[in-house]
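# Examination of the molecular architecture
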Amino acid sequence: MFELIPVLALDPLFRLPFVTGLLLAGLLPVLGAVLTLRQEWLAALGLAHLAAASALIGLAAGLPAVLGGTLGALLAGAVKALLRACGNAAYAFMILIGWSAMLLVAANSAVGDSLGHAIIDGQLYFAGLTELLLSLLLVAIAAHRLPWLMPLILRATFFPCFETANRRPAWRWRLGLDLLTAASLAVATATLGLMGAFALVFVPAWIAFRLAPSWRWTLILAALIGGGVYLAAFLAALALDQPFGPVLVALLVAGAGLTALIGIGRSSAT
Amino acid sequence: MTLARGDVLLRVSGLTAGYARPVVGPLSFEVRAGEVLGLWGQNGTGKSTILKAIGNAARVFAGRIEQAPGLTLAFLEQQPARLPLMPVTGHELLRAAGAARTEAPPALAAILHRRLDRLSGGQYQLLWVWSALATAAELVLLDEPTNNLDPDAEARLVDLIVRPGNGRAVLLVSHEQRFLESACSRIVEVSAERESGCSS
């Protein structure tokens, strides 16, 4: 497998998709940690479904999938923030609306069933300059805004009355976080696939929450797990000629299983 | 905001508060800089609703709540947030609260490096209350802060509350009269009878 690394580095055919995916694999777990802290991780699956549905609607209207998906997800993120829709029931409706719309558009448009499958499975190897630039932009926005957002997110989690008591507007940072999450999931859904994107939000954070000694390390560990597993999945999918999305999800789930075993071992040892 | 001891930070006049309908009041009291004021009453008398009305989380049906200009509030409800997993240390909690610059009491300083979910319920509750007391907020609202604390932890809580805080005032709600007598400079009784209001 390791002989593939020079191929990745040199072959432009793989370089763009590889870098695009790596950027997203570092970003999504950090957002996943924030969503897990806010108990909103299921929202990621809802946003991914809505992004997939709007990508297909965009394709049917002649827009690139990544653009249609991003617009739809941004709209969903804005509606979620402004209506303060939170809780499992709201996220379940997001998933159901997205799933229903996606399959109905796929069944009733020229883009057809195959593109619907492509979005569910992911089409990383077809990621081009647009996807790379959007991923770079999202990473840059996250690197710039998350240090400002993080204290507000922690304060809202542990001191939920502070903003109301002091009449401070919370909607701006909540909307900002929801839009960043929605756009990231839309770009990731168009490249890594619906379940690949969701798994990168959910699993590295799930592992990091169990192992990290602090919040800072939770974010670092989640990003490292996301990037490391992505790298392993990219190489394994090429070496074994397997679809990338399912390999990525399988490796992430295996990592979660290992973490659970370590946890069981620790608790039985004490 | 510069405070002089005795400045009025909060004036509640003829307040009737509730949610869909009134549940408490009318009642009147003032909170001055540097004092710890306790609101005492039996369960169900609407003490928490008074704090929520001050914290803009309950409806004011009648009366007025006046705050000193520029007043910052710290408001802790009855229970700290408890997530199944909390990979956040005490240091990070204090930073999030804006309380990192104040030196924590030794018993709390010793546990600040630990994850919140690896603290006992009492340790977490004391740290949570300290994180509000050590902020720059001029008025701290604490709702039943003794919940789930054993007598030893309750005594440490009293120590935290009565520590001098740069003119900061505390408004405490509790149904435990003995605790309020230990922690407060003044106690106002909230009666179940809406007409009878309160007495101090």
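Right above here is the structure, for reference.
For clarity, every value in this text was computed on a predicted model and none was experimentally measured.

## Things to note about the overall build of chain A
In terms of helices and strands, chain A carries twelve helices and zero strands. Reading the helices (α) and strands (β) of chain A from amino to carboxyl end gives α-α-α-α-α-α-α-α-α-α-α-α. Taken over 270 residues, chain A has a buried fraction of 53%. By sequence separation, contacts in chain A at least 24 residues apart represent 78% of the contacts at least 6 residues apart. A total accessible area of about 12000 Å² is found for chain A, and carbon and sulfur atoms account for 73% of it.

## What to know about the environment of Ser100 of chain A
By the element assignment, Ser100 of chain A lies in helix α5 (residues 88-107). Considered as a pair, Ser100 of chain A and His49 of chain A are 51 residues apart in the sequence and their alpha carbons are 9.1 Å apart.

## What to know about the sheet that holds strand β4 (residues 59-67) of chain B
Residues and elements named next belong to chain B. The strand order across the open sheet built from three strands is β2-β1-β4, with neighbouring strands paired in antiparallel fashion. One side of each edge strand has no neighbouring strand; the edge strands of this open sheet are β2 (22-32) and β4. Across the sheet, the mean angle from the axis of one strand to that of its neighbour is 5°, orientation sign disregarded. Pairing geometry for strand β1 (residues 8-18) and β2, over seven bridges, is antiparallel. Paired with Arg11 across the bridge in β2 is Glu30. Relative to β1, helix α1 (residues 47-54) is tilted by about 120°, and along the sheet it contacts β1, β2 and β4.

## Describing the interface of chain A and chain B
On the chain B side, the residues contacting the 24 residues of chain A number 26 residues. Note on chain A versus chain B: buried area summed over both sides is about 2100 Å², and carbon and sulfur give 63% of it. Counting across the interface, chain A meets chain B through zero salt bridges. Here chain A is connected to chain B by eleven residue pairs in polar contact (both at pLDDT 80 or more). Sorting the residues of the side of chain A that touches chain B by element identifies α7 (129-158), α8 (162-165), α10 (194-211) and α11 (215-239) of chain A as the ones contributing at least two each. In terms of residue count, the dominant contributor to the side of chain A that touches chain B is α7 of chain A (five residues). Residue classes in the side of chain A that touches chain B are distributed as 13 nonpolar, six polar and five charged.

Thresholds, definitions, all that
- Sequence order as written defines residue numbering, which begins from 1 separately in each chain.
- Here chains are named by letter from A upward and ligands by number from 1 upward, in the order in which they appear as written.
- Predicted model: local features are reported for residues with pLDDT of at least 70 only, side-chain atom pairs are reported and counted for 80 or more only, and whole-chain, interface and lining totals are derived from all residues.
- Processing note: side-chain calculations cover all non-hydrogen atoms of the structure and skip hydrogens and water entirely.
- Helix and strand definitions here come from DSSP, where helices need a minimum of 4 consecutive H or I residues and strands a minimum of 2 consecutive E residues; each element is numbered from the N-terminal end.
- Burial status follows relative accessibility: with a 1.4 Å probe on protein chains alone, a residue under 20% of its type maximum counts as buried, one over 50% as exposed, and anything between as partly exposed.
- Two residues form a contact once any of their heavy atoms are found within 4.5 Å.
- Per-residue and other accessible areas were derived by the Shrake-Rupley procedure at a 1.4 Å probe size, with only the shown protein chains allowed to occlude residues.
- Between any two strands, at least two bridges found by DSSP are needed for them to pair.
- Here, axes are lines fitted to C-alpha atoms. For helices the fit covers the stretch in contact, and angles between N-to-C directions go from 0 to 180 degrees.
- Throughout, the accessible surface (probe 1.4 Å) given up by two parts as they are put together, summed over both, is called the buried area.
- Salt bridge, as applied in this entry: a Lys or Arg side-chain nitrogen positioned within 4 Å of an Asp or Glu carboxyl oxygen.
- Contacts described as polar in this section are N or O atom pairs within 3.5 Å, which, within protein, must combine one atom able to donate a hydrogen with one able to accept it, while residues neighboring in sequence count only if both atoms come from side chains.
- Each residue gets one label: Ala, Val, Leu, Ile, Met, Phe, Trp, Tyr, Cys and Pro are nonpolar, Asp, Glu, Lys and Arg are charged, and the others, such as Gly, are polar.

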